[in-house]
Amino acid sequence: MSVLIKPIITEKTTADSELNNRYSFIVDTKANKIQIKDAIEATYGVSVEKVRTMNYGPKRSTRYTKTGIQHGKTNAIKKAIIQVAEGDIIDYYSNI
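The rules behind each value
Residues numbered from 1 in each chain as written. Predicted model: local features only at pLDDT ≥ 70, side-chain atom pairs only at ≥ 80, totals over all residues. Heavy atoms only, no water. Phe/Tyr/Trp six-rings, centres within 6.5 Å; stacked < 30°, edge-to-face > 60°. Helix = DSSP H or I, 4+ residues; strand = E, 2+ residues; numbered from the N terminus. Buried < 20%, exposed > 50% of the residue type's maximum accessible area, 1.4 Å probe, protein only. Core = buried A, V, L, I, M, F, W, Y, C linked by side-chain atoms within 4.5 Å. Contact = heavy atoms within 4.5 Å. Pairing = 2+ DSSP bridges.

(A) Looking closely at the packing of aromatic side chains. What the rule picks out here adds up to four aromatic pairs. Consider the rings of Y23 and Y92, whose centres lie 6.2 Å apart with planes at 85°: the pair is edge-to-face. Separated by 69 residues along the polypeptide, Y23 in strand β2 (residues 22-27) and Y92 in the segment after β6 (77-84) bring together distant segments of the chain. The two residues Y23 and Y92 agree in class, both being buried. The interplanar angle of 40° and the centroid separation of 5.8 Å between the aromatic rings of F25 and Y44 together place this pair among those described as tilted.

Right, here's the structure in full:
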């Protein structure tokens, strides 16, 4: 099971990483905080101080078409905000 799916790179998370040493990732919905911490430490070689997680449910939508009503939804996701130790940094672009 791959715990880390992808990092979240936005203006808000970039500013948070520069100021507070916090990085954001989209993770597997079944992963717990200990698994997330171990995956970050193994992948990036940093020491993790704190892990915060947020569960987001699917967004549902309805469309009215010629053939009838179409129902749809997006996938549920889980975000994790990782705070690393002072002096450690995560470089997303080092292994490209």
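Next comes the rest of the account.
(B) Structural view of the nonpolar core. One finds F25, I36, I40, I82 and I90 to be the most contacted residues of the largest nonpolar core, which totals 17 residues. Of all the secondary-structure elements, those providing two or more residues to this core are β2, α2 (33-44), β3 (48-56) and β6. The contacts of I40, once residues within four sequence positions are left out, are L4, F25, G45, V46, V48, I82 and I90.

(C) Examining the pairing of strand β4 (residues 60-65) more closely. Burial analysis of β4 places just zero of its six residues in the buried class, a small minority of the element. Sheet topology note: the β4/strand β5 (residues 68-73) ladder contains six bridges and is antiparallel. The partner of R63 across the bridge, within β5, is Q70. Counted between consecutive antiparallel strands, the loop separating β4 from β5 contains two residues.

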